[in-house]
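Architecture and fold: a report
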Amino acid sequence: MNLAQLLVRAARTYPDRPALYHGETLLCDYRGLGERAGRVAAHLHGTLGLQPGERVALFMANVPEYLELLYGAWYAGLVVVPVNAKLHPREVRYILENSEASALFVTEDLGADLLPLLADLSGLRQALVVGSAAFAAMYTSVPMAALDRVSEDLAWLFYTSGTTGRPKGVMLSHRNLYTMLASHFMDVCATTHGDCVIYAAPMSHGAGMGNFPHMVVGGRHVVARSPSFDPAEIVALASYHRNAFTFAAPTMVKRLAEHVEASGADPSGFKAVLYGGGPMYLEDIRYALRVMGDRFVQIFGQGETPMTISVLSPYHLGDREHPRYLERIASVGVAQSLVEVRVTDEDGHDLPVGEV
């Protein structure tokens, strides 16, 4: 099933619910968000003639249009290639060429250095700068309905960091991401219609994947206004919107806690702070729990299994009477419900508990 159906269903079921915010400003309800995604799809499929399975790259800072473009590509049956906004333009060019991207959306701050490098990229039919006149014209297209896709079809092409060579494109199907979505409700957070997600970390990675559960329940999507992570802004947005879910790298968690302690700000606007993407130091999570309370969840995953390997739940983080409490909260938790985890030696043989 096409991931686009998440927005199709939300627009049909919760048409008047507020959907997309830029900071504290409401931009559109779910009816409007679904319509705008349909217009993006009509441009990609109708005007550009892109066929299901072709690639659309997003090299963008966090902006409200990100969700419209993400779902617009899926409406048209296309594959999204979200690219890390911190990459060098030459690295981005490699990803565009390697993924055989047919279209590119880029924010103005990133396009100036990248676009001159793309003149000889023959497979790229169009590069649109968010906010340009050509980009705005795309929204005059007549909205199209979402195309059907098979669950095993490619949905998201995620490029690894390339620490051991060139970045490699990890192929995530619609089924992969639906499994991740199901795991969220089963193991991570009981998301409801009154909740919101604040995009504080890059939407090209785990933060952007936080959109799925909130799309299911008709929750609110809040894109921060600051171009970079601003703890004061995120805490203020959580206080304003309430019942906030956000994804943060461990260093961001520490900065959030430091801001709360130094400013005396009230952290109760956060329902859950999901952290991952790097090792969390024991003293840092103990500090965050002391300052902000039991509202943290750790996930462990990798590009091939995003956010779905293991979870360290609020139960584990809050069970301070457990005799091995400090060891537990320094770990990556327990296997999530829809995966199996094995610990093996170098030859693939299972190891007993306690063995490395």
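Here the structure is shown first, and the text comes after it.
This section reports on the structure supplied with the text.

Conventions used here
- Residues numbered from 1 in each chain as written.
- Predicted model: local features only at pLDDT ≥ 70, side-chain atom pairs only at ≥ 80, totals over all residues.
- Heavy atoms only, no water.
- Phe/Tyr/Trp six-rings, centres within 6.5 Å; stacked < 30°, edge-to-face > 60°.
- Helix = DSSP H or I, 4+ residues; strand = E, 2+ residues; numbered from the N terminus.
- Buried < 20%, exposed > 50% of the residue type's maximum accessible area, 1.4 Å probe, protein only.
- Pairing = 2+ DSSP bridges.
- Contact = heavy atoms within 4.5 Å.
- Axes fitted to C-alpha atoms, helices over the stretch in contact; angles between N-to-C directions.

Some details on the packing of aromatic side chains
As enumerated under the stated definition, the model contains 6 aromatic pairs in all. Ring centres 6.3 Å apart and planes at 35° place the aromatic pair W74 and W156 in the tilted group. Of this pair, W74 sits in helix α3 (residues 65–75) while W156 sits in strand β7 (residues 154–159), placing them 82 residues apart in sequence. Of the two residues, W74 and W156, neither departs from the other in class, the shared state being buried. For the ring pair F105 and F135, a centre distance of 6.2 Å and an interplane angle of 85° mean the geometry is edge-to-face. Pair noted here: F105 is in strand β5 (residues 101–106) and F135 is in helix α6 (residues 133–138), with a separation of 30 residues, a long-range link.

Focus on the pairing of strand β10 (residues 220–223)
With burial as the criterion, each face of β10 is covered, one bearing R220 and V222 and the other bearing H221 and V223. Pairing between strand β1 (residues 18–22) and β10: 3 bridges, direction parallel. The residue of β10 that forms the bridge with H22 is V223.

Regarding the sheet that holds strand β12 (residues 270–275)
Across a sheet, paired strands are connected by hydrogen bonds in the backbone, their directions being either parallel or antiparallel. Here we have 9 strands laid out as an open sheet, ordered β2-β1-β10-β9-β11-β12-β13-β14-β15, and mixed in their pairing. Single-partner strands in this sheet number two, and they are β2 (25–29) and β15 (334–335). Helix α10 (residues 231–241) contacts β1, β9 (196–199), β10, β11 (244–248) and β12 of the sheet and is inclined by roughly 165° relative to β9. Relative to β11, helix α11 (residues 250–263) is tilted by about 125°, and along the sheet it contacts β11, β12 and β13 (296–302).

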